[in-house]
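So the chains spell out like this:
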Amino acid sequence: MAAVMDWQVHPAAPTGLSEEQAAYREAARDFARAQLAPYAAQWDARSEFPREAIAQAGELGFCGLYVDEAAGGSGLARLDAAIVFEELAAADPSTAAFISIHNMATWMFAAHAAPALRARWGAELASGRRLASYCLTEPGAGSDAASLRTRARRDGGDYVIDGAKAFISGAGSTDLLVVMARTGGDGARGISAFAVPADAAGIVYGRKEEKMGWNSQPTRGIVFDGVRVPADHLLGAEGDGFKIAMKGLDGGRLNIASCSLGAAQGALDAARRYMGERRQFGKKLAEFQALQFKLADMATQLVAARQMVHTAARKVDAGCADATVWCAMAKRFATDAGFSICNEALQIHGGYGYIREYPIERLMRDCRVHQILEGTNEIMRVIIARHLLNSEEELR
């Protein structure tokens, strides 16, 4: 059984978490404080990809949290994973977010790969010894993912892939690419999913993008020029790719929402400390009622977002028919709330919040992109509205 299941169980605090979940949270918090927090600012400033730290996270089971144990993962529930990602992100949202994306791609691979392929890669990915990237977005297909143009054609015992992907997290530094490519006609039903070794002949990686945040993980475009992969690298059946991608994104949206919760919690904790230390006009900032109200609103927003994320995770775990719309609502609400809380924490810090000596500006930069990726928050609103207008079911 994976190391994540071997942690000592402590009595749960009155948080609604089980004893096991409280233990997962404590283990993730201890890891984040020891292995992420001391180095996060350096990784950000130097744009370093911390593979060693990610591998250490893998040793604890964090790189295959909700991958089946039979495939080498920890076999946890999505709610358990959300708890872990929040704790990691409280110290380093950028590295935590990459670990969450790797988990999503690894789950998609493990859930749909042929047995022999799963045996070859599954345990390596779930342990963090090898890493995966998720390749859906293209230069001309972002929010309209079903319009992607990368194509895979059958040629004997292989598929040959041609096309381009954009904004791929980890590209050039990972080992396996989960690639969506068109094998049929236009629209979602013509898309298939493939597991492509990242060093396959014909793959060309673009320059590493210079970004506002997420600097501890590389982001590149990828060109596929006649890339051959064996037919058994198809994930699921032909035409299943879009369904696989969207099902993966339900979990991905929970993951990135959880990372926003973590960034917000880290910012809130920093603001509390600062208000207890900083003095102006002869008294601590904590004594000013206007700032007390601001802190209270931040905490209320965070708790509400956390409850929504956890409810959505329970929906996914239970296999509820409305899980997708709940994930969309949780992603929209938590990522907006997370950025707002980080921004308010920076305001409380004044000029000090704007300089890199304090972690606030990094937390805010890193969580801003969460409102864009895994489906923009505008697309989340589209998903929610369509459900409300096209379904007789109530959201309860």
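The preceding data block contains the structure.
Our subject in this report is the structure included herewith. (Residues numbered from 1 in each chain as written. Predicted model: local features only at pLDDT ≥ 70, side-chain atom pairs only at ≥ 80, totals over all residues. Heavy atoms only, no water.)

A word on the overall build of the chain. From N to C terminus, the chain includes eleven helices and ten strands. In terms of overall size, the chain behaves like a compact globule, its C-alpha atoms giving a radius of gyration of 21 Å where 396 residues would be expected to give roughly 21 Å. In terms of its C-alpha atoms, the chain occupies a principal-axis envelope of roughly 80 × 50 × 45 Å. Per-residue burial over the chain gives 53% buried out of 396 residues. Once local pairs closer than 6 in sequence are excluded, the contacts in the chain between residues at least 24 apart make up 72%. If you sum the accessible surface of the chain, you get close to 17,000 Å²; carbon and sulfur atoms cover 50% of it. (Helix = DSSP H or I, 4+ residues; strand = E, 2+ residues; numbered from the N terminus. Rg over C-alpha atoms; globule rule 2.2 N^0.38 Å. Buried < 20%, exposed > 50% of the residue type's maximum accessible area, 1.4 Å probe, protein only. Contact = heavy atoms within 4.5 Å. Areas by Shrake-Rupley, 256 points an atom, 1.4 Å probe, with all protein chains shown as cover.)

A word on the packing of aromatic side chains. Applying the stated rule across the entire model yields seven aromatic pairs. Centre to centre, the rings of F31 and F62 are 5.8 Å apart; their planes meet at 75 degrees, and the pair counts as edge-to-face. In this pair, F31 is assigned in helix 1 (residues 19-36) and F62 in the loop between helix 3 (51-59) and helix 4 (78-91), connecting sequence segments 31 residues apart. This pair shows no difference in class: F31 is buried, exactly as F62 is. Relative to Y352, the ring of Y274 lies with its centre 6.4 Å away and its plane at 55 degrees, an arrangement referred to as tilted. Taken as a pair, Y274 in helix 7 (residues 241-277) and Y352 in the loop between helix 9 (323-349) and helix 10 (360-368) lie far apart in primary sequence, 78 residues in all. Here Y274 falls in the buried class, since its relative accessible area comes to 7%. Accessibility expressed as a relative area gives 35% for Y352, which makes it partly exposed. Among the aromatic residues, those joined into a ring-pair cluster are Y274, Y352 and Y358. (Phe/Tyr/Trp six-rings, centres within 6.5 Å; stacked < 30°, edge-to-face > 60°.)

With that settled, consider the pattern of salt bridges. Taken as a whole, this structure holds 19 salt bridges when the rule is applied. In this structure, R306 engages E86 in a salt bridge whose closest nitrogen and oxygen atoms are separated by 2.6 Å. Taken together, the residues span a long stretch of sequence, with R306 in helix 8 (residues 289-318) and E86 in helix 4 at a distance of 220 residues. Of the residues examined, E86 reaches a relative accessible area of 6% and is grouped as buried. Between R332 and D336 there is a salt bridge; the shortest N-O distance is 2.9 Å. Placement of the pair is R332 and D336 together in helix 9, with a separation of four residues, close to one helical turn. (Salt bridge = Lys/Arg side-chain N within 4 Å of Asp/Glu carboxyl O.)

Let us look at the packing of helix 7 against helix 10. Viewed as axis vectors pointing N to C, helix 7 and helix 10 meet at an angle of 160 degrees, and their least axial separation amounts to 10 Å. By the criterion of interaxial angle, the relationship of helix 7 to helix 10 is roughly antiparallel. The way helix 7 lies across helix 10 gives a crossing that is left-handed. Mapping the contact onto sequence places A263, G266, A267 and A270 in helix 7 and I360, L363 and C367 in helix 10. (Axes fitted to C-alpha atoms, helices over the stretch in contact; angles between N-to-C directions. Parallel < 35°, antiparallel > 145°, perpendicular 65-115°, else oblique. Left-handed = near helix turned anticlockwise from the far one by under 90°.)

All right, on to helix 4 then. Given a rise of 1.5 Å per residue, 14 residues ought to cover 20 Å, and the 21 Å separating the end C-alpha atoms of helix 4 matches this to within 8%. The element helix 4 is largely enclosed, with a buried count of 13 among its 14 residues. (Expected span 1.5 Å × (residues − 1).)

We note that F281 has phi near 55 degrees; this positive angle belongs to a residue other than glycine. Given the relative accessible area of 77%, F281 is considered exposed. For E374, which is not a glycine, the phi torsion comes out positive at approximately 55 degrees. Assignment of secondary structure puts E374 in the loop between helix 10 and helix 11 (377-390).

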